[in-house]
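# Fold and geometry: a report
Chain by chain, the residues:
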Amino acid sequence: MNIIALLFGILVFFIAASSAHVASPPSSQLASSINAAMVAVVVGSFAAIWMRMKQQEPAAAVEVLREEKTFYVMTKRRKEVEEKLSTMRRDGRESVLVVADFDMTLTSFLMPDGSRGMSTHGMLERSGYFGEAFTTRAKDIFNRFYPIEVDPNLDWDSKFAAMSEWWETTHKLIVEQEVTKKDIAACVKAGHFRFREGVPELLAQLKEREVPILVFSAGIADVLEEIFKQRLGLEGLPIISNKMKFDEEGKLVGFENNTIHIMNKGAVALEGQNLELVKDKSNVILLGDSLGDLRMADGLPNKQQVRRDGRNTERSDVALGSQDRLPQR
């Protein structure tokens, strides 16, 4: 029996039994107690059955909103999505802001040969540019923490702590290599990654229609800047990410401000130019591939509604109940 139903039955028993004991002879009290117990069992049983029926109610069906040759759009909340799109059309593009994760959202998880594409951290860690010892250590760290990142059953606090340790450990290792901007450019040039189909065209259209996009990444800002510069010829794109700090000789000595990882994006405060960019935007289109990305819009000052689109990778933690999912075939 469901524990809540059992407790409810016990409560009914005590109420009924207590009432039966008021100014009653012993024989009458015994009979009343038996009756109270029977009532409690019946009520508790009905409560258990009712709660089981509630638990077995079918979940909202997943619907395909749009289907193309290389992708399809799915949601459990069709009406809500259509209402948000209608509001955005009514308010006009001046009200819209796009907030996008980068790794495995704007880029593909898989390459054409079936291998895994590099993340921004992976451009440095997997390049082989900094020697075998660095590559081996970085791989060991990845193998330790990545299963935790994609575990859908791990509680939020435990995952948060693990991701904080992962990023801090990795950044410390990268700083030890005394990386320079020239090194970053070389790693990006040799990087094994690609943008998702349609992303370059999307960025071009957003620029043409003056719809701002804010790239919000737990990666490395300096690597992201070099990627956009080398691959798309874009400079000055608003990026919130882990920014490197260099000394007078151009060698990496640390990272600026607090570390941004996949679980704390919603806690990052916008400042300066980025705050000015978003302050009048009430409609937000959010693009991500993990549950941590759901919170990227939390710090926006004037948002009225957020449409969340989840890019499907191999991750099992992207919940259809939380995001619309756009699987890549």
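### Considerations on the overall build of the chain
Check the secondary structure of the chain and you find 10 helices and 10 strands. The proportion of buried residues among the 329 residues of the chain is 44%. Summarising the internal contacts of the chain: among those between residues at least 6 apart in sequence, 66% fall at separations of at least 24. Here the chain displays about 18,100 Å² of accessible surface, and carbon together with sulfur accounts for 54% of that area.

### Focus: the pattern of salt bridges
If you walk through the whole model with that rule in mind, you get 10 salt bridges. Two residues, arginine 144 and glutamate 165, come together in a salt bridge whose shortest N-O distance is 3.0 Å. Taken together, the residues span a long stretch of sequence, with arginine 144 in helix 5 (residues 132-149) and glutamate 165 in helix 6 (residues 156-175) at a distance of 21 residues. With a relative accessible area of 36%, glutamate 165 lands in the partly exposed category.

### A closer look at helix 7 (residues 181-189)
Along helix 7, the residues classified as buried are Asp183, Ile184, Cys187 and Val188. Relative to the axis of helix 7, the buried residues are bounded by an arc of 130° and lie together on one face. Facing away from the buried surface of helix 7 by more than 90 degrees, the exposed residues are Lys182 and Lys189. Considering only its buried residues, helix 7 is in contact with helix 4 (120-125), helix 9 (221-232) and strand 6 (244-246).

### A few points about the nonpolar core
Phe102, Leu124, Ile174, Val223, Ile227, Phe228 and Met244 are the most contacted members of the largest nonpolar core, which totals 49 residues. With 6 residues, helix 6 is the single largest residue contributor to this core. Those residues in contact with methionine 244 that lie beyond four places of it in its chain are Leu124, Ile174, Ile184, Ile220, Asp222, Leu252, Gly254, Phe255 and Glu256. Core analysis: the next-biggest nonpolar cluster, separate from the first, contains 8 residues, Val99, Ile240, Ile260 and Val278 among them.

### Points about the packing of helix 7 against helix 9
How two helices sit against one another is set out by the angle between their axes and by the gap between those axes. Direction vectors running N to C along helix 7 and helix 9 enclose 55°, while the axes themselves pass 9 Å from each other. In this view, helix 7 runs oblique relative to helix 9, as classed from their interaxial angle. Relative to helix 9, helix 7 is oriented so that their crossing is right-handed. Between helix 7, through Ile184, Ala185, Val188 and Lys189, and helix 9, the contact on the second element is made entirely by Asp222, Val223, Glu226, Ile227, Gln230 and Arg231.

### What to know about the confidence of the model for the chain
Looking at the chain as a whole, its pLDDT mean stands at 77, while 67% of the residues score no less than 70. Low pLDDT (under 50) marks residues 1-18, which in the prediction has 25 contacts with non-local residues, meaning those over four places away or in another chain. A low-confidence stretch, residues 29-47 stays under pLDDT 50, and its non-local contacts, those more than four residues away or across chains, total 22 contacts.

### A look at the packing of aromatic side chains
In this structure the tally under the stated criterion is 10 aromatic pairs. Where phenylalanine 102 meets phenylalanine 228, the ring centres are 5.5 Å apart and the plane angle is 70°; that geometry is what we call edge-to-face. Residue phenylalanine 102 is found in the loop between strand 3 (96-100) and helix 4, and its partner phenylalanine 228 is found in helix 9; the two are separated by 126 residues along the sequence. Arranged with centres 5.5 Å apart and planes meeting at 75°, the rings of phenylalanine 130 and phenylalanine 134 form a pair that is edge-to-face. Of the two residues examined, phenylalanine 130 and phenylalanine 134, each falls in the buried class.

Reading the values: the criteria
Numbering of residues starts from 1 in every chain and runs along the sequence as written. Where totals are concerned, whole chains, interfaces and linings use all residues; where local detail is concerned, this predicted model gives features only for residues with pLDDT of at least 70, and gives and counts side-chain atom pairs only at 80 or more. Excluding hydrogens and water, the side-chain values take into account all heavy atoms of the structure. Numbering of helices and strands runs from the N terminus, with a helix taken as a DSSP run of H or I at least four residues long and a strand as a DSSP run of E at least two residues long. Per-residue accessibility, obtained with a 1.4 Å probe over protein chains only, is compared with the maximum for each type, and a residue is labelled buried under 20%, exposed over 50%, and partly exposed between these values. Every residue pair with non-hydrogen atoms within 4.5 Å of one another is taken to be in contact. Using a 1.4 Å probe, the Shrake-Rupley method yields the accessible areas, and only the shown protein chains count as cover for residues. One speaks of a salt bridge when a side-chain nitrogen belonging to Lys or Arg is within 4 Å of a carboxyl oxygen belonging to Asp or Glu. An arc is given here, and it is the one of the directions from the helix axis to the C-beta atoms. Definition of nonpolar core: a set of buried residues of the types Ala, Val, Leu, Ile, Met, Phe, Trp, Tyr and Cys, connected through side-chain atoms within 4.5 Å. Lines fitted to C-alpha atoms define the axes here, with helix axes fitted over just the stretch in contact, and angles between the N-to-C directions of these axes take values from 0 to 180 degrees. Each angle gets one of four labels, with under 35 degrees taken as roughly parallel, over 145 as roughly antiparallel, 65 to 115 as roughly perpendicular, and the rest as oblique. Definitions for this section: a left-handed crossing has its near helix turned counterclockwise from the far helix by less than a right angle. A right-handed crossing has that turn clockwise. Scored from 0 to 100, pLDDT reflects the predictor's confidence in each residue. Ring pairs shown here join Phe, Tyr and Trp side chains whose ring centres sit within 6.5 Å, with only the six-membered ring taken for Trp; geometry is labelled stacked below 30 degrees between planes, edge-to-face above 60, and tilted in between.

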